Amino acid sequence: MYENSQGRTRYGDPRVIRKGWEGIASRKIDGILHVLNRFWDVLFFFSGDSYYQYDSERDQIYTHDAHGNPFPNLISYGFPGIPDNIDTVYYNRSAGYTYFFKDNLVYQYEIERQRVSPGFPKEISVLYPGVPNNLDAAYYSYYHKTTFFIKGLEYWGISGNNGPIVGPFTVNQRWRDICNSFLERLGYFQPVDWESTLDRSRQTIFEPEDVAPDIFSDFDPSVMVEEVEGMGRDGEPTIGVDDEEFKEAIRKFQQANNLTITGLLDDATRNKMNEPRCGNPDHTLAKNGTKTVPPDASNMTSNSSDDAHAKSNATVVVQKRAAEDTSQGNSRKRQSVLKTWMERQEERRKKRGIFVNNYVTWRLLGEGYSSQLDADLQLAVIQQAFRMWSEVIPPLFRPDHVSHIEEVDVNLAFGRVRHLGCPNEFQEQEYAHAFDEAAEVHINDQIQPYTVNRPDGISLLKVAVHEIGHILGLGHHEWANSVMQPNYAPQPYNFEIGAEDRRAVQELGYASGLREFPCRHSAGVQDLSGYPDMLDRWILPHRRLTHHRGKCEERFDTVFDWVRPNRDENGYMTGVIYNTFFFADGRYWMYENSKGRTRYGDPLLIRGGWQGIASRHIDGILHVWSRTWDVLFFFAGDSYWEYDSEREQIYTHDANGNPFPNLISYGFPGIPDNIDTVYYNRSAGYTYFFKDHLVYQYEVERQRVSPGFPKEIAEVFPGVPNNLDAAYYSYTHQTTFFLKGFDYWSISISTGAIDGPFTVNELWQDICKVWMWELDGS
Ligand SMILES: [Zn+2]
Ligand SMILES: [Zn+2]
């Protein structure tokens, strides 16, 4: 029983027909006809080829009709001209007619005369243009004062008195309301001014019992005849408000989520809306100069929808809502909460210069730890999330749990429904939200369970990476695999920030806005005593932060392709594989050429990945790889190591029993100490050492410098500069590269001439020196 004024069904419904309507034996009711006028009050149930008459006074069926025939009777007997298996039936009280529907036909019936009106049946589309065939139900609602036609999950209505048919609309008003506030909140009606619109009303998700589809797909018309005359609202029939706008918002949502675009609140759409998602809107007001435009009178009355006006209107709304609050109970407290929040946002907004610094600090607020995970683990996950971003953009992030809170750039906290003075209560399916101008991230601790390094649950790392993406200035995207998708997608191990996300955050240009150098923190404000001074001495002067739209641009010590046999499980060689490695400052990256990025989690410490190499600064790596030789040497200062590729560790001693590292002057006679770089030219069979302006051609088999060498680099490789950082032969590009600073040169495959300079980070992207506070003094 649906209680219209309450907008819900009766508690405990639905119930079984044969108990609630005694004597109605059928499970499937085709239609119910209640003829109620000055002379008649009769109620019939139709099912298949039969009908029952019901005694409303005694709440049970009549056992016999007026002629003594027992119920159920045949329709063909009691309603001559009406077919069996009708779709539905209803009584139009003002017209005084009954209408039976079957398939594409409608039968106007005169119950007093027991006949179908002359000229009937007619096509439904003729009598009710816009109403579909094969209806589930038709009924006159005394509450809404209009006639509704229901089919599937949709309904149509007659607008006004005998006005046109309007629809389809969504059957379930409660769903409609939920959906409406959901879409409004996310900006599908109009872009949301997320950072300063307050007091968003609470909504709920579509609950499971609502979603049970058979309630509506097999709509039971018995719920529709129980209205009591006189309960109706005054005035015009009400059908739906702003329905075209509503449907358009649904269409936009469906499109954004790759759903079938129906404009209707279908199962797929409802399910998508119930998925865990970020609470930030999908459509926000553009961030441009309009933020500072004060609202004036013309703006307030304007209906214009351009950004400036929309922003002003939003401000007016905020003020208006705050004013309305004063008329309510706890309004004073609420207002002060809002005021504090606005002030706090404004304060933090003023400090918006923060991200032009090289160091961005963050804190997990003391009162805001999750109850679900170990505190250290939460910190580690958030740190890892920041680190993943600094793998692709210049800022370095590090935690700061010491400074005054206002000095910390990014605040993060877990909370529950009402949290941290935030005006945005968490919705049930909302895992987090972020305010990029205030640089605050709030994570919903009621989402269960947050997990780390597991495929189930909600990956806290992915949530943190997404929200930090907002802090950096990214909005929502629907790119496949984008970490900025608003809905939470279960994540395999080791997810990565996708290529589009990387490009998008680099487009924001974090490097290009650098105003002063060194940054605020290293200028003495921030105590860096916990950090190796190497950070300032070595990394920062070597970073060029003003070009290429925020991509990392780094210098490297050396680069090489490591070639080694690929063996099957029985140890038989099935081919060769290679990987490209970049080395700098005691760390190394494996670069995946085919994917245009470094391996997940890189860079790693050299001493961890290349066991036994004790030096932080590698001058060069030589991999001689021919039919007869497979030797790998690391050069640093006056020494070298030989590396055992099979066992992945250095050899402890050379063939003559001398322990590594050996002196270069001993193992490579004629080669100077402190080389710039070295590489092996496989097709020529020679090794080339570089130092300053000289190049040494070396014959490893004979342990000698080729006669006539060293030569000027300009003579052997015209166009290649002196004092190289690195030279290497790339199996991916099938040519030799020379790197110096942020530039590289290459040997043209077609002409053999040297091409360049080109920019290193255009060819090898996103190799960033991301080590942060975890710098370990190595
Ligand atoms: Zn988001
Ligand atoms: Zn919040």
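Structure's up top.
The structure reproduced in this document is the subject of the present report. (Residues numbered from 1 in each chain as written. Chains lettered and ligands numbered in written order. Predicted model: local features only at pLDDT ≥ 70, side-chain atom pairs only at ≥ 80, totals over all residues. Heavy atoms only, no water.)

**Quick word on unusual backbone geometry**
To keep things clear, this is the line we draw: Secondary structure is summarised from DSSP: a helix means a run of H or I of at least four residues, a strand means a run of E of at least two, and numbering begins at the N terminus for each.
The peptide bond linking F120 to P121 adopts the cis configuration, its omega dihedral lying at 0°. Structurally, P121 can be placed in the loop between β11 (115–116) and β12 (122–123). Note that the residue after G756, namely P757, is joined by a cis bond; omega there is 0°. With respect to the helices and strands, P757 occurs in strand β43 (residues 754–759). The backbone of D585 sits at a positive phi, close to 55°, despite the residue not being glycine. The residue D585 is located in the loop between β26 (573–584) and β27 (587–592) in this model. One non-glycine residue with positive phi stands out, namely N723, at about 50°. Mapped onto the elements of the fold, N723 is located in the loop between α18 (713–716) and β40 (726–730).

**Considerations on the nonpolar core**
The nonpolar side chains of a soluble globular protein tend to be buried, and buried together. What counts here: Among buried residues, the Ala, Val, Leu, Ile, Met, Phe, Trp, Tyr and Cys ones that are joined through side-chain atoms within 4.5 Å form a nonpolar core. Exposure categories follow from relative accessible area, calculated using a 1.4 Å probe and restricted to protein chains: below 20% of the type maximum is buried, above 50% is exposed, and the middle band is partly exposed.
Ranked by internal contacts, the top residues of the largest apolar core, which has 42 residues, are W389, Y450 and V465. For this core, the secondary structure elements donating two or more residues are β18 (359–364), α12 (375–390), β20 (410–415), β21 (430–435), β22 (440–444), α13 (460–472) and α14 (499–507). Looking at this core element by element, the count peaks at eight residues for α13. Of all hydrophobic cores here, the second largest spans 36 residues; its members include M590, F668, Y680 and V700.

**Quick word on the sheet that holds β43**
Selection rule: If DSSP finds at least two bridges between two strands, the strands pair. Axis lines are fitted through C-alpha atoms, for helices just across the contact stretch, and the angle between N-to-C directions can take any value from 0 to 180 degrees.
The four strands lie next to each other as β40-β41-β42-β43, forming an open sheet whose pairing is antiparallel. Strand pairing shows two members of the sheet lacking a second neighbour, β40 and β43, which therefore form its edges. Averaged over all pairs of adjacent strands, the angle between strand axes in this sheet comes to 25°, irrespective of strand direction. Across four bridges, the pairing between strand β42 (residues 743–747) and β43 is antiparallel. Bridged to Y744 within β43 is F758.

**Overview of the coordination of the zinc ion (ligand 1)**
We count it as follows: In this description, a donor is an N, O or S atom within 2.8 Å of the metal centre, a cutoff extended to 3.2 Å for sodium, potassium and calcium. Water is not part of the atom list, which can make sites seem incomplete. Every geometry call rests on angle ranges, with four donors termed tetrahedral when all angles are between 85 and 135 degrees, four termed square planar and six termed octahedral when opposite donors are over 155 degrees apart and all others are between 65 and 115, and everything else termed irregular.
Protein-derived coordination of the zinc ion (ligand 1) comes from C278 (SG), H466 (NE2), H470 (NE2) and H476 (NE2), at a distance range of 1.9 to 2.2 Å. Around the zinc ion (ligand 1), the four donor atoms are arranged such that angles at the metal cover 101 to 117°; this shape is classified as tetrahedral. If you list the donors of the zinc ion (ligand 1) from N- to C-terminus, the spacing comes out as C-x187-H-x3-H-x5-H. Of this pair, C278 sits in strand β17 (residues 277–278) while H470 is found in helix α13, placing the two residues 192 residues apart along the sequence.

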